[in-house]
4 protein chains.
Amino acid sequence: MKATQQEIADFIAAEFPQTRCVVREVVPGGATVVHPIGPDELRPGGTVSGPLLMAVADVALYVALLGAIGIVPLAVTTNLTVNFLRKPPADRSIVGVCRLIKVGRRQAVGEVSLYAEGKPDPVAHAVGTYAIPPR
Amino acid sequence: MKATQQEIADFIAAEFPQTRCVVREVVPGGATVVHPIGPDELRPGGTVSGPLLMAVADVALYVALLGAIGIVPLAVTTNLTVNFLRKPPADRSIVGVCRLIKVGRRQAVGEVSLYAEGKPDPVAHAVGTYAIPPR
Amino acid sequence: MKATQQEIADFIAAEFPQTRCVVREVVPGGATVVHPIGPDELRPGGTVSGPLLMAVADVALYVALLGAIGIVPLAVTTNLTVNFLRKPPADRSIVGVCRLIKVGRRQAVGEVSLYAEGKPDPVAHAVGTYAIPPR
Amino acid sequence: MKATQQEIADFIAAEFPQTRCVVREVVPGGATVVHPIGPDELRPGGTVSGPLLMAVADVALYVALLGAIGIVPLAVTTNLTVNFLRKPPADRSIVGVCRLIKVGRRQAVGEVSLYAEGKPDPVAHAVGTYAIPPR
């Protein structure tokens, strides 16, 4: 890996100061991030919003990519496709598990399975593309 | 239309109490929403985050759909695909203009062009699918 | 435009010798292509196959892009998202109408509405991304 | 599984008489299909076309779904998103490996990795959604 979990966590905290998403693990070709769920993330009826799931997918992809190519601040998401599969429960963190599918010189592609912590069936699935700036 | 702009705005405010997204217009087959941008929505360097753009797209689609089918609380996004096109400026609201492509009994599909207020070129484009519950 | 309709039609015929897709119109920022439907394109029951619709979308995007940037053989599709909306009738050509959303130096994005010739409601909608090689 | 590999192969051959795609394996929650590549599938320069890759992805998803829910002729693709990753070589079959992500009552979602036979890195990746008719 080109960056340690701590380096990536520090970078995410600096670049995305609003996010409450936490880096749990960075492995070769992938990463896991976790977002706590509290009153601020819930809609009436106790639903986790779709955009929050998309945000977790985006961070998971970015963390995995930074692990693979190092701290490259200018990498940007170019495409994100999300399928929403199940209503997440209101009382569990959202876990995003990213697996990189391709890391090229100019582009990277990865997929993310999103879970309610401790539950086996994914609540959403995302595929995202990153453009990597010339170095 | 099956719901007025005011009815839809009230419903969005109740269902998505965290969102700062405002309903600007609802027309047959479409809708426009606006999200103000301030320090809370910006990343270091003055970048509007991708997830915020996705959230605006999601609300624009939902508002347009409510205009077409009436206030149906259980309609849920099933798929959202976003292409990020340009870095939005830091000092302009994000405007989401939705056009519904199909409104069927069980499923609706729409596209959203996202702009920085007052700028002609879109900063992102989204296509989303909603599942409509049996009535 | 950077290439004429005839130049683009000749190029498509040379590059995609198997396709029966015909270039109908190239305009600034867009293009229309048409694919005839006969027994070879139909499944039992008279259904136009999904992959045929995707192929028409892909050609429509490519034709529009060539109109915008000139004959660039190495431009390649990097992402295509298709929503299938209605069963196309068995006896009408498929028309693909592409509108370019962004044409940048490295990447182009466009959307395509697919119709059964003469019918107002689209049978499918696609959004595609092209990578443009450095020149 | 709700249908055997032979039942599914027979059904695919009847429903998609034009396809040369062959069912190689059906397992719980997934399937593998293979499409031979010859002159008819190649563009000048020896490129496998994008639509062929999309067609293989579509068949792989359908085969996996039929394995999971039985022979349901009216299941239809509603959304397909494909990321093209690498130029496939001209002399190898295309293999589509599908893994179902969710099989619900009304909707199924799966992902497909597409390979050139014998090569480890995928040439494309697809995510697709199927609508399942009420039974």
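Our structure's up above, just so we're on the same page.
Below, the structure is looked at part by part. (Residues numbered from 1 in each chain as written. Chains lettered and ligands numbered in written order. Predicted model: local features only at pLDDT ≥ 70, side-chain atom pairs only at ≥ 80, totals over all residues. Heavy atoms only, no water.)

For interface size, the figure often reported is the accessible area lost on association. Of the residues lining the interface, 23 residues belong to chain D; the matching set on chain C comes to 23 residues. Approximately 1,900 Å² of surface area, both sides summed, lies buried where chain D meets chain C, with 49% of it carried by carbon and sulfur atoms. On the chain D side of the interface with chain C, the three residues burying the most area are Gln18, Arg43 and Phe84 of chain D, jointly 25% of the side's total. The interface formed by chain D and chain C includes zero salt bridges. In this structure, the connection of chain D to chain C is made through 13 residue pairs in polar contact (both at pLDDT 80 or more). Counting residues per element, the ones that place at least two in the side of chain D that touches chain C are α1 (5–15), β3 (42–43), α2 (50–69) and β5 (76–84) of chain D. With eight residues, the top contributor of residues to the side of chain D that touches chain C is β5 of chain D. Its residues placed into classes, the side of chain D that touches chain C shows twelve nonpolar, six polar and five charged. Strand direction decides the pairing type here: strand β5 (residues 76–84) of chain C and β5 of chain D, joined by five bridges, are antiparallel. Across the sheet, residue threonine 81 of chain C finds its bridge partner in β5 of chain D, namely threonine 81 of chain D. (Contact = heavy atoms within 4.5 Å. Buried area = accessible area lost by both parts, 1.4 Å probe. Salt bridge = Lys/Arg side-chain N within 4 Å of Asp/Glu carboxyl O. Polar contact = N/O pair within 3.5 Å; in protein donor to acceptor, adjacent residues only side chain to side chain. Helix = DSSP H or I, 4+ residues; strand = E, 2+ residues; numbered from the N terminus. Nonpolar A, V, L, I, M, F, W, Y, C, P; charged D, E, K, R; others polar. Pairing = 2+ DSSP bridges.)

To continue, consider the interface of chain B and chain A. Across the boundary between the two partners, chain B contributes 23 residues, which contact 23 residues of chain A. When chain B packs against chain A, the two sides together hide about 1,900 Å² of surface, and 49% of this comes from carbon and sulfur. Seen at the junction of chain B and chain A, the total is zero salt bridges. When residues of the side of chain B that touches chain A are traced back to their parent elements, those giving at least two are α1 (5–15), β3 (42–43), α2 (50–69) and β5 (76–84) of chain B. No other element matches β5 of chain B, which puts eight residues into the side of chain B that touches chain A. The residue makeup of the side of chain B that touches chain A, split by class, is twelve nonpolar, six polar and five charged.

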